[in-house]
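# Observations on chain architecture
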Amino acid sequence: MKNINKFLKEEKAQVSVEYLIMIVFGLMLVITTGIIIINLNSFVTMAKAKILTYRDNILASL
């Protein structure tokens, strides 16, 4: 009986560790994706500003 209880406790602990690793991996994935989206957003903003500047320069030179 003791062996069965010990086995069940170890299996639950193993499942808990697996869930913990999966949650940590998921959080890291979400944080990394957020950082990439923020960087892309700033890149798009800079590109828009440059395009508008070039357009204004072209229109001014006509």
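It should be noted that the structure appears before, not after, this text.
So, how was this worked out
By convention here, each chain's residues receive numbers from 1 onward along its written sequence. Note on the predicted model: pLDDT of at least 70 is required for a residue's local features to be given, and 80 or more for side-chain atom pairs to be given and counted; whole-chain, interface and lining totals, by contrast, use all residues. Hydrogens and water molecules were not included; the side-chain quantities draw on all heavy atoms of the structure. In this text, helices come from DSSP runs of H or I with a minimum length of four residues, and strands from runs of E with a minimum of two, each type numbered from the N-terminal end. Think of it in three bands: residues with accessible area under 20% of the maximum for their type are buried, residues over 50% are exposed, and the middle band is partly exposed, with areas taken using a 1.4 Å probe on protein chains only. The protein chains shown are the only cover counted for residues, whose accessible areas, like all others here, come from Shrake-Rupley with a 1.4 Å probe. Whenever a carboxyl oxygen of Asp or Glu lies within 4 Å of a side-chain nitrogen of Lys or Arg, that contact is scored as a salt bridge.

## Here's the deal with the overall build of the protein
Within the protein, the secondary structure is distributed over 1 helix and 0 strands. In the protein, which comprises 62 residues, the proportion classed as buried is 0%. Within the structure as shown, the protein displays about 6,100 Å² of accessible surface, and the carbon and sulfur contribution to it stands at 73%.

## So, the pattern of salt bridges
Tallying each qualifying case throughout the model produces 1 salt bridge. Between Arg55 and Asp56 there is a salt bridge; the shortest N-O distance is 3.6 Å. Taking the relative accessible area as the measure of exposure, Arg55 reaches 45% and is therefore partly exposed.

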